[in-house]
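Structural characterization, general
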Amino acid sequence: MSGSSFRFELAPVLQLRERAVEVAQNVLAQAIQTRKASEARVRSATASLDASLDVGSEPRTVHQLGGAAAHREGLARALTEAIRDIELSQAAEANARRQLGEAMREREALVTLRAEAVDLHRTEVLRSETARLDDLVTSRPRPAPRTSAPPPQA
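Report on the accompanying structure. (Residues numbered from 1 in each chain as written. Predicted model: local features only at pLDDT ≥ 70, side-chain atom pairs only at ≥ 80, totals over all residues. Heavy atoms only, no water.)

Time to look at the overall build of the protein chain. The helix and strand inventory of the protein chain stands at 2 helices and 0 strands. Evaluated residue by residue, the protein chain yields a buried proportion of 17% over its 154 residues. Considering only intrachain contacts with a sequence separation of at least 6, the fraction spanning at least 24 residues in the protein chain is 91%. Per element, the accessible surface of the protein chain, about 12000 Å² overall, is 56% carbon and sulfur. (Helix = DSSP H or I, 4+ residues; strand = E, 2+ residues; numbered from the N terminus. Buried < 20%, exposed > 50% of the residue type's maximum accessible area, 1.4 Å probe, protein only. Contact = heavy atoms within 4.5 Å. Areas by Shrake-Rupley, 256 points an atom, 1.4 Å probe, with all protein chains shown as cover.)

What follows covers the packing of helix H1 (residues 11-53) against helix H2 (residues 62-139). The geometry of H1 relative to H2 is characterised by a closest axis approach of 7 Å and an angle of 160° between their N-to-C directions. With respect to each other, H1 and H2 are oriented roughly antiparallel. H1 and H2 meet at a crossing whose hand is left-handed. Tallied by class, residues from the contact of H1 with H2 come to 27 nonpolar, 10 polar and 12 charged. (Axes fitted to C-alpha atoms, helices over the stretch in contact; angles between N-to-C directions. Parallel < 35°, antiparallel > 145°, perpendicular 65-115°, else oblique. Left-handed = near helix turned anticlockwise from the far one by under 90°. Nonpolar A, V, L, I, M, F, W, Y, C, P; charged D, E, K, R; others polar.)

This part takes up the pattern of salt bridges. Counting across every chain of the model gives 13 salt bridges. With a closest N to O distance of 2.9 Å, Arg127 and Glu124 form a salt bridge. On the criterion of helical spacing, the pair formed by Arg127 and Glu124 is a turn pair, its members being 3 residues apart in helix H2. One connected set of salt bridges, linked through shared partners, spans Arg35, Glu39, Glu93 and Arg97. (Salt bridge = Lys/Arg side-chain N within 4 Å of Asp/Glu carboxyl O.)

A word on the packing of aromatic side chains. If you walk through the whole model with that rule in mind, you get 1 aromatic pair. When the centroid spacing of 6.5 Å and the interplanar angle of 25° are considered together, the rings of Phe6 and Phe8 count as stacked. Classification of Phe6 as partly exposed rests on a relative accessible area of 32%. Overall, the relative accessible area of 13% leaves Phe8 in the buried class. (Phe/Tyr/Trp six-rings, centres within 6.5 Å; stacked < 30°, edge-to-face > 60°.)

A word on the environment of Glu106. Along the chain, Glu106 falls in helix H2. The class for Glu106 is partly exposed, based on a relative accessible area of 32%. Between the alpha carbons of Glu106 and Ala20 there is a distance of 9.4 Å; along the sequence they are 86 residues apart.

By the element assignment, Ser89 lies in helix H2. Leaving out residues up to four positions away in the same chain, Ser89 has contacts with Thr34, Arg35 and Ser38.

Let us look at H1. Because each turn of an α-helix spans 3.6 residues, side chains separated by three or four positions end up pointing in the same direction. Relative to the 63 Å expected for 43 residues at 1.5 Å per residue, H1 spans 63 Å between its end C-alpha atoms, a close match to the ideal helical length. Three or more residues of H1 are buried, namely Leu14, Val21, Ala24, Leu28, Ala31, Arg35, Ser38, Val42, Ala45, Leu49 and Ser52. Next to the buried residues of H1 lie H2. (Expected span 1.5 Å × (residues − 1).)

Okay, a nonpolar patch on the surface next. Taken together, the side chains of Leu10, Val13 and Leu113 present a nonpolar region at the surface, about 200 Å² in accessible area. For Leu10, the location among the structural elements is in the segment before H1. Residue classification places Leu10 among the partly exposed positions, given a relative accessible area of 35%. (Patch = residues over 30% accessible without salt bridge, like charges linked within 9 Å, V, L, I, M, F, W, Y side chains within 5 Å.)

Right, let's get into the environment of Ala31. Here Ala31 lies in helix H1. Spatially, the C-alpha atoms of Ala31 and Ala92 are 6.2 Å apart, while their sequence positions differ by 61 residues. Not counting residues up to four positions away in its chain, the partners in contact with Ala31 are Ala92, Glu93 and Ala96.

Take a look at the structure:
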């Protein structure tokens, strides 16, 4: 098949869209890691608070009980902060997923446009080739028809 090679005019835009997808994937990966770290901090803070509630059977002074209560309050604040952090990281993850979806849709739109442009280019090249071959066939002189009579002898 002869003809010019295909060149997609929006190739630079497609490259930008592909890069945007890569960036969005990295942002999502970071958001997932942050959420997992927040979940681990919640588990750790919960375990620490639960462990502080086990006072045992030994008698304690008022001063010891007050210190233990203050310690539990600090652990409860840490747990509250860890829960707040996990909520923020979940929101950030959801936002990163939306951004990745949008970036992928934009890239897919350009990929579809490129595929359609390639098909159109192929169709035009085939049409041109067919027209060229038709011209060759119709412009060739045809041989004279053969008769079944024997050639004259001299």
